[in-house]
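Observations on the three-dimensional arrangement
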Amino acid sequence: MNIILLGPPGAGKGTQARKLVDERGMIQLSTGDMLRDARSSGTEMGQKVAAIMDAGQLVTDEIVIGLIREKLEQNPTGSFIFDGFPRTLAQADALGELLAAMGTKLDAVIEMKVDDEALVHRITARSTCATCGEGYNDISKPIPADGHCVKCGGTEFKRRPDDNEESLRTRLMEYYKKTSPLIGYYWAKGDLKQIDGLGEIDEVSAAIAEIIG
Ligand code: AMP
C-alpha cells in the first residue's frame, strides 16, 4: 500500500502520516523532514537549501527526487506514505517511474482540503516536541502545563523557522502555483480521493481509513 497525502502547508499531512506509522507500520517519507535533517546535520546540501526553505520556496526537483530515490532503495518492500512529496508535476512523474521500477504503484492520493484562513491559524500556532516530534497547537492542543510532552515526556519544544506569516504566504503561493496542478493530474489517473482536513485529528484519520481500508 503506497499513498500520497496531498495538501497545503498546515493541512495536517505530517500528523496523519505519523499516526499511520504508529498504527499500521507504514513508512513516512517526508521530504521536508529529510531536508530539515540535512540542515541540522550540516551537510553541503543542507546548507544549500536552508535559505530557500526559510523563504518558503521549493527546493529543486533534482534534490528531492534524489532523496526519495535513496529512501525507496533502502526499503524496497515498504508500504509508503509520501508526505510533502511530490510537489511538482516533474516530481509526480519521477515518483511514478521510481515505483514502476520497483514493481509497485500508488494506491491512493488523498487530498486533504482545508481553507486558507484555517491554515494561517494552524501554522502560526504550531510547535513540536524536540525529542519525538509530537505536534502541539497553542489553541487546540497546548503543551501540558507541567512542560512534559504527552508522548515521550520530553521537555524541549520547537517551532519551525518557516512557520511565520511571511514565509507561509510564499509557501501557499508555491502550493497553488506548482503543487495544486497535481490534483488534476491524479484525478485524471483515477487515483485522487478527497477528504475534509478541517475536522478533529481522529475524524480525519477515520476518513483516511475509509479510503485505505
Ligand atoms: P514541509 O515540511 O513539507 O512543509 O517542507 C518544508 C520546506 O521544505 C518547503 O517549504 C520546501 O522549501 C522544502 N520542501 C519539502 N518538500 C519539498 C518538495 N517535495 N519539493 C520542493 N521543496 C520541498
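In case you missed it, the structure is sitting above this.
All of the points below concern the structure found in this document. (Residues numbered from 1 in each chain as written. Predicted model: local features only at pLDDT ≥ 70, side-chain atom pairs only at ≥ 80, totals over all residues. Heavy atoms only, no water.)

Further remarks concern helix H5 (residues 89-101). Since one α-helical turn is 3.6 residues long, residues separated by three or four positions face the same way. Over its 13 residues, H5 runs 18 Å from end to end, which matches the ideal 18 Å to within 8%, given 1.5 Å per residue. Looking one or two places after H5, you find Gly103, whose phi comes out positive at around 80°. (Helix = DSSP H or I, 4+ residues; strand = E, 2+ residues; numbered from the N terminus. Expected span 1.5 Å × (residues − 1).)

Let's shift gears to the packing of helix H2 (residues 31-40) against helix H3 (residues 44-55). Axis separation between H2 and H3 bottoms out at 8 Å; the angle between their running directions is 120°. As summarised for this structure, H2 and H3 are arranged oblique, according to the angle between their axes. For the pair H2 and H3, the sense of crossing is left-handed. On the side of H2, the interface is formed by Gly32, Leu35, Arg36, Ala38 and Arg39, while H3 contributes Met45, Gly46, Val49, Ala50, Met53 and Asp54. Taken together, the residues that form the contact of H2 with H3 break down as 6 nonpolar, 2 polar and 3 charged. (Axes fitted to C-alpha atoms, helices over the stretch in contact; angles between N-to-C directions. Parallel < 35°, antiparallel > 145°, perpendicular 65-115°, else oblique. Left-handed = near helix turned anticlockwise from the far one by under 90°. Contact = heavy atoms within 4.5 Å. Nonpolar A, V, L, I, M, F, W, Y, C, P; charged D, E, K, R; others polar.)

Working definition: an aromatic ring pair is given by the centre-to-centre distance plus the angle between the planes. Taken as a whole and assessed by the stated rule, the structure comprises 4 aromatic pairs. Ring geometry for Phe80 versus Phe82: centroids 6.0 Å apart, planes at 35°, classification tilted. You can call Phe82 buried: its relative accessible area is 0%. Over the aromatic face of Tyr136 sits the side chain of Lys141, whose NZ or CZ is 5.2 Å from the ring centroid. (Phe/Tyr/Trp six-rings, centres within 6.5 Å; stacked < 30°, edge-to-face > 60°. Buried < 20%, exposed > 50% of the residue type's maximum accessible area, 1.4 Å probe, protein only. Lys NZ or Arg CZ within 6 Å of the ring centre and 35° of its normal.)

This part covers the environment of Lys71. Mapped onto the elements of the fold, Lys71 is located in helix H4 (residues 61-74). For Lys71, a relative accessible area of 29% corresponds to the partly exposed category. Taking the C-alpha atoms as reference, Lys71 lies 9.9 Å from Ile27; in sequence the two are 44 residues apart. Discounting residues that sit within four places of it in the chain, Lys71 has contacts with Leu29 and Met34.

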